[in-house]
Amino acid sequence: MADIVDTATRSRMMSGIRSTNTQPERHIRSLLHRHGLRFRLHVRDLPGKPDIVMPRFHAVLFVHGCFWHGHDCPLFRLPSTRPDFWQAKIDRNRDNDLRAISALAAAGWRVASIWECALRGRNALDDETLLGSIVCWLQGNDRTLELVARHEETA
């Protein structure tokens, strides 16, 4: 299927997509801040430049977009236009994620991954559940946390 816009327009549209301060990231930060938790943003000295760094808990949070990081959920669909390009890009993003998480874990950091599907869509978690899960993880001893959308019940 051919793209519905010309190459220059598509390039301009794609360059406008943010990699930091996304809506899901701002939402998580708002929840944490309202709960009285303080954090640093996008610390360049740490592998993967985590979205949220909480030095007090020696913890980092990544807020991943389901499309850009290739999450296996209803929010992800590989584009039909240039699928080889997109598959390679998403695979690189996944590899970078794994390297960053491994390096952070080796340095003693606790790592949480919060997926976009946990924040949007039909099966999104409510704010109370999101915040409760994060706070419980911060106060506990688990090394990792992964928050995803609720699974639908099958009849």
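My aim in this report is to walk through the structure given alongside it, one point at a time. As the structure is a computational prediction, the values presented were derived from the model and not from experiment.

### Here we look at the pairing of strand β3 (residues 59-64)
- Counting buried residues along β3, six of its six residues qualify, which places the element largely inside the surrounding structure.
- Of the two faces of β3, the one lined by Ala59, Leu61 and Val63 and the one lined by Val60, Phe62 and His64 are each fully buried.
- Sheet topology places strand β2 (residues 52-54) next to β3; three bridges connect them, and they run antiparallel. Residue Ile52 lies in a different strand from β3, and its bridge partner there is Leu61.
- Between the end of β2 and the start of β3, which pair antiparallel, lie four residues, with His58 showing a positive phi angle near 50°.
- Note: β3 against strand β4 (residues 110-115), six bridges, orientation parallel. Following the sheet pairing, Leu61 is matched in β4 by Ala112.

### Notes on unusual backbone geometry
- A positive phi is found at His58, a non-glycine position, where the angle reads about 50°.
- Relative to the elements of secondary structure, His58 occurs in the loop between β2 and β3.
- Owing to a relative accessible area of 33%, His58 belongs among the partly exposed residues under this scheme.

### A closer look at the packing of aromatic side chains
- Going through the model one piece at a time under the given rule, you end up with five aromatic pairs.
- Here the aromatic rings of Phe85 and Trp86 are separated by 5.0 Å at their centres, their planes lie at 80°, and the arrangement is edge-to-face.
- Among the residues examined, Phe85 registers a relative accessible area of 34% and is labelled partly exposed.
- Judged by relative accessible area, which is 12%, Trp86 ranks as buried.

### Topic: the environment of Ala59
- Within the secondary structure, Ala59 is located in strand β3.
- Taking the relative accessible area as the measure of exposure, Ala59 reaches 0% and is therefore buried.
- In sequence terms Ala59 and Gly108 are 49 residues apart; their C-alpha atoms lie 8.9 Å from each other.
- Non-local contacts of Ala59, meaning those with residues more than four positions away in its chain, are made with Ile52, Val53, Met54, Trp109, Arg110, Trp137 and Leu138.

### A few points about the nonpolar core
- The biggest cluster of nonpolar side chains holds 23 residues, and the ones touching the most others in it are Ile28, Leu32, Met54, Leu61, Ile134, Leu138 and Leu147.
- At the level of secondary structure, the elements contributing two or more residues to this core comprise α2 (23-34), β2, β3, β4, α4 (127-139) and β5 (144-147).
- Looking at which element gives the most residues to this core, the answer is α4, with six residues.
- Not counting chain neighbours up to four residues away, the residues in contact with Met54 comprise Leu32, Leu37, Arg38, Phe39, Ala59, Leu61, Trp109 and Leu138.

Rules used throughout
- Residues numbered from 1 in each chain as written.
- Predicted model: local features only at pLDDT ≥ 70, side-chain atom pairs only at ≥ 80, totals over all residues.
- Heavy atoms only, no water.
- Buried < 20%, exposed > 50% of the residue type's maximum accessible area, 1.4 Å probe, protein only.
- Helix = DSSP H or I, 4+ residues; strand = E, 2+ residues; numbered from the N terminus.
- Pairing = 2+ DSSP bridges.
- Phe/Tyr/Trp six-rings, centres within 6.5 Å; stacked < 30°, edge-to-face > 60°.
- Contact = heavy atoms within 4.5 Å.
- Core = buried A, V, L, I, M, F, W, Y, C linked by side-chain atoms within 4.5 Å.

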